[in-house]
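# A structural walkthrough
Here are the chains, one letter per residue:
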Amino acid sequence: MEMLFALCVGVLTTCGVFMILRSRTFPVVIGLTLLGYAVNLFLFSTGRLSINSAAIIGSTTEYADPLPQALVLTAIVIGFAMTAFVVILAMRGRGDLGNDHVDGRIPEHSSLSDKERK
Amino acid sequence: MSLFWIPLLPALGVLAPIFSDRFGRTSCAFATAAAPALALLMLLFKAPAVFRGETLIASVEWVPALGMQLSFRLDGLAFLFALLILGIGLLIILYARYYLSSKDSMGKFYAYLMLFMTAMLGIVLSNNLIQLWMFWEMTSISSFLLISFWHNKTEGRKGARMALTVTGAGGLALLAGLILIGKIVGSYDLEVVLQNGDLIRNSSLYPVALGLVLLGAFTKSAQFPFHFWLPHAMAAPTPVSAYLHSATMVKAGIFLMARFYPALAGTELWVIVVTLTGLATLLLGAYTALFKHDLKGLLAYSTISHLGLITLLLGMGTELAAIAGIFHIINHATFKASLFMAAGIIDHETGTRDMRRLNGLWKFMPHTATLAMVAAASMAGVPLLNGFLSKEMFFAETLLQHTLGSLSWMIPVLATLAAIFSVAYSLRFIHDVFFNGEPIDLPKTPHEPPRYMKVPIEILVGLCLLVGIFPAFIVGGLLHSASYAVLGGEVPYYSLSIWHGFNLALVMSIVAMFLGVVIYHNRRKLFKFQSQFPETDAKLVFERLIQCMVRGSVRIQQFFENGSLQRYLFLLFMMVAVFSAKPMLQLINTAGDRPELPLNGIAITLAVILIFSAVATVIWHRQRYISLLTLSVVGLVVSVAFAYFSAPDLALTQLSVEVVTVILLMLALFFLPQQTPKESSPSRVARDLGIAALIGGVFATLNYAIMTRSGISISDFFIDNSKPGGGGTNAVNVILVDFRGFDTFGEILVLGIAALGIFKLINRMKVSMPSGDIKGRNWTKDSHPMILRTVSQSLLPLALLVSAYIFLRGHNMPGGGFIAGLITAVAIILQYIAHGVDWIKPRLKINYQWAIAIGVLISAVTGVGSWLFDRPFLTSWFDYFHLPWIGEFELASAIAFDLGVYITVVAATLLILANLGKLTTTHRPTVEEKR
């Protein structure tokens, strides 16, 4: 099970990093979200995996580690705030600069036609 | 304590010229002179104690935590230098009064001068290495200001910049050297350092420390190969040249060598390096000086040569040589300062310093000419003048040393050679300027300068004569106490008299005199010979070097910072890969010994869904809606995974965040292009895939390695204390609102700030909205479908009830403020979607900015409340009560904190989404904007 979990984290990380390296804002936002999933799962798993042992006192005999869960819980909410900020920034950038390239301008060596540049 | 006043008075004196400038030039000069005059007086009162061999020390705590003191010490060497700095400084103030024209800002000039004087006094009086260095840098800066005083002249600016660069770089080397010495000795106290000479010399760091300190000294004292800055610093006004570049600043390097003589000198390394540098500088300076047609240029190279002579003497390592060196410091300061001042007068009264035009000035200014001739004769080493005495001692010492083994005979020969040129250029200074026919085409008709402009020169020339005739009487005590301080103990016998009998040193002097005259007589042939060599301008070479460095830095900077986010991220990810992969290479067994959980079908299915949808997101990322849909599948599987692995709180949070995130991204996508153009080249895609896969692989391995190992965690504390200490059975929630409540407080603050930032960004945003989808189909006319409206309206109370329930049970069961807040936000957003902003506006009058503030405030007040009970911030309280009908129930202060969290989360989420949603309605254009 652990290996499967690690595989998922690896795939999410790979996809996230690849998307963050794209040149348009929306894929970068998607990449950040993917990387966010990976990081949250990773942090969560530092408390080790366990089944049917939620950290509700009195419900079981063995408890899952509650500390990473508490940290990841706030991380999820903050992650949403950050995604929102970046995506609004991307919109603002497109509105003010006229394109959605991450640098605010289309590189000159780009082979795009004028129509595609928008 | 009065020792503090000696550097402090000139420091206060910086203000005097600034305020007295308006009262006329003479009052300004007098006001400026008051502080150094007083300081000089105080110094002289200390003379008896210093001459008895005492070392006066005064110190106060400066940075006690670092063991730093502001500490001054006055011994023979410091006394000698302080006397030169203050005495010549006063003469320069008088001289500058007449030198500066009415166009120059006298107040500014004197203020810089006093600043420099303070810095110099600070160097020579410091008893702490770091403090010494601080004043050292201050001289570099104040001399920069002085050299560039005529800042409208290019050569002034360039010369000042060069001097600052060279001496400043040397200063950094010196700092490193001083820190090394401090490390070796264990103290930055000069007193301690000087007593631990053997410890320093035997240390393995000694060569490095010595090299760095000497680098500082050589750059400051214009020693070969750093001598080139001094001639260019001659662009300064002449009083500055006379003060800085003959008597004081360039002597700071010499002072440094003399100061650390007991601690650093005496080794073979010291002897070789210092002697050879001094010898090279001596020869180069003396030779070049003869060919300079500029009066100040000649003096500049002569100064370089004399500084080399003193360095050579300090390097030879014998006690008598060191004494001769100190003696020459005094003598050189007196005759060179007066020569510079004479050159300044000539420049001032004739308008040129070119010796090819200056001829026969004797007729016009006999008084000045007499003074200049006496000083120049002292420079040449003519008997009955002070220059002769120290030069004689120098010759005697060169004969006694064995520095170069069997080649040691070269040093007296080369010293004589340098002395020959010294005689020749001194003769040129006298003969070319004051005799040698008539002046050629002078800008002004020369005449004697104002009476008092000559006084400083008269005093200095008088000293040259007095020291030359009655050496023991005039400077005996001063020289003895300074030598005592440099040698760090008893001073050997030396004789300060004019006649030592007919010996080899005298023969060298006579030879130098005779051949010097011969060379000067044949100067035209030499000039012709010299003109065959292409003249290199040190300024051009220096500027070219600086520009090379600037260009190099720009190129490096532009490589890393070319404005491309993709490049920054690529470099960042490369660093992540390198730094995280390196420790992984040392991990031998990936899997640890913790038993793994068994696999099952459901888990495999979910994992396959997750992997497929993640990969699909990447593959279809150019079709943005499709990638958003697959992304939401990933989010769903992640929340299921949390639920499966015993984290119900996380699962609930992830699920509700997933909903808001997807709504947010769909809204955003309405304003952004629907498709991503194909932009990356295949090689770029391959490169990015490579780095992404590398990082993914490293992280997966790391994750696996962690999960298969048992570790000791602090979480047992939270499990054990959740119920008895926090009053809740849901350990995750108790951590959030109680154990680590301060963290949570910070998180909701961040959330609130992000929401406000977004609000600001949305405000007046220029957006273009498509009138239809990508295929050109128009949006539906029915924007608020009936079914959705009905269902959402009936769902609202239910959703609110659920969120209230989740909020209230959060302390004991999965739930809490974060989750309840997100559920409430989703319920309200659904109303926005179903009914539109116009419908909601009159029905829900909440100012979300205020709500965020109130939420944060409630949490803060709950935290502060514990102060009333003398408990730390955010200490929680709980108790159990019994009510009839309802039964046993619990009240905890944490629920108030959680309420703040709840309100902040609701308000922040709605502030973001509702404002973004409003964009679609209020400014909706009918046709797409043309760009």
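We now turn to the structure provided with this report.

Cut-offs applied
- Residues numbered from 1 in each chain as written.
- Chains lettered and ligands numbered in written order.
- Predicted model: local features only at pLDDT ≥ 70, side-chain atom pairs only at ≥ 80, totals over all residues.
- Heavy atoms only, no water.
- Helix = DSSP H or I, 4+ residues; strand = E, 2+ residues; numbered from the N terminus.
- Expected span 1.5 Å × (residues − 1).
- Buried < 20%, exposed > 50% of the residue type's maximum accessible area, 1.4 Å probe, protein only.
- Polar contact = N/O pair within 3.5 Å; in protein donor to acceptor, adjacent residues only side chain to side chain.
- Contact = heavy atoms within 4.5 Å.
- Buried area = accessible area lost by both parts, 1.4 Å probe.
- Salt bridge = Lys/Arg side-chain N within 4 Å of Asp/Glu carboxyl O.
- Nonpolar A, V, L, I, M, F, W, Y, C, P; charged D, E, K, R; others polar.
- Core = buried A, V, L, I, M, F, W, Y, C linked by side-chain atoms within 4.5 Å.

### Some points on helix H38 (residues 848–868) of chain B
Residues and elements named next belong to chain B. Between its terminal C-alpha atoms H38 stretches 30 Å, which fits the 30 Å expected from 21 residues at 1.5 Å a residue. Buried within H38 we find Tyr848, Ala851, Ile852, Gly855, Val856, Ser859, Ala860, Thr862, Gly863 and Ser866. You can read the cap of H38 off the contacts: a side-chain oxygen lies 3.1 Å from the backbone nitrogen of Gln849, and it is on Asn847. Phi turns positive, to about 55°, at Asp870, one or two residues after H38.

### As for unusual backbone geometry
All names here are of chain B. Residue Pro225 is reached from Phe224 by a cis peptide bond, and omega for that bond is 5°. With respect to the helices and strands, the residue Pro225 is situated in the loop between helix H11 (206–220) and helix H12 (229–232). Positive phi, close to 55°, is recorded for Ala222, a residue that is not glycine. One non-glycine residue, Asn436, lies in the positive phi region at around 60°. Inspection of the secondary structure puts Asn436 in the loop between helix H21 (410–434) and helix H22 (455–469). Residue classification places Asn436 among the partly exposed positions, given a relative accessible area of 29%.

### Quick look at the environment of B:Gln793
All names here are of chain B. On the secondary structure map, Gln793 appears in helix H35 (residues 786–809). Gln793 sits in the partly exposed class, given a relative accessible area of 42%. Along the primary structure Gln793 and His835 are separated by 42 residues, whereas in three dimensions their C-alpha atoms are 9.3 Å apart. When sequence neighbours within four positions are dropped, the list of residues in contact with Gln793 reads Gln831, His835 and Trp839.

### Focus on the side chain of B:Thr167
Residue and element names in this part refer to chain B. On the secondary structure map, Thr167 appears in helix H8 (residues 154–185). Given a relative accessible area of 1%, Thr167 falls into the buried group. One polar contact links the side chain of Thr167 to the main-chain carbonyl oxygen of Ala163, over a distance of 2.6 Å. Aside from chain neighbours lying at most four places away, what touches Thr167 is Ser140, Thr219, Lys220 and Trp229.

### Structural notes on the interface of chain B and chain A
For an interface, size is often stated in terms of accessible area lost upon the parts coming together. Counting from both sides, the interface comprises 115 residues of chain B and, opposite them, 84 residues of chain A. Carbon and sulfur atoms make up 76% of the surface buried where chain B meets chain A, a total of about 9,100 Å² over both sides. Our count for the contact surface shared by chain B and chain A stands at four salt bridges. Across the salt bridge formed by A:Asp100 and B:Arg624, the nearest N and O atoms sit 2.9 Å from each other. Our count for the contact surface shared by chain B and chain A stands at 25 residue pairs in polar contact (both at pLDDT 80 or more). Of the residues forming the side of chain B that touches chain A, the biggest block, 15 residues, is contributed by helix H31 (residues 682–707) of chain B. Among the residues making up the side of chain B that touches chain A, the classes are represented as 70 nonpolar, 30 polar and 15 charged.

### Side note on H22(B)
Residues and elements named next belong to chain B. Between its terminal C-alpha atoms H22 stretches 21 Å, which fits the 21 Å expected from 15 residues at 1.5 Å a residue. Considered for burial, the residues of H22 that qualify are Val455, Pro456, Ile457, Leu460, Val461, Cys464, Val467 and Gly468. Its buried side turned inward, H22 meets helix H5 (76–99), helix H18 (319–350), helix H19 (366–380), helix H20 (386–400) and helix H23 (471–487).

### Overview of the nonpolar core
B:Trp229, B:Leu264 and B:Trp270 are the most contacted members of the largest nonpolar core, which totals 199 residues. Residues contacting B:Trp270, with those up to four places away along its chain left out, are B:Tyr206, B:Leu210, B:Leu214, B:Met257, B:Tyr261, B:Leu264, B:Ala265, B:Thr275, B:Leu314 and B:Gly315. Within the second largest apolar cluster, 124 residues are counted, among which are A:Leu12, A:Ile76, B:Val732 and B:Met765.

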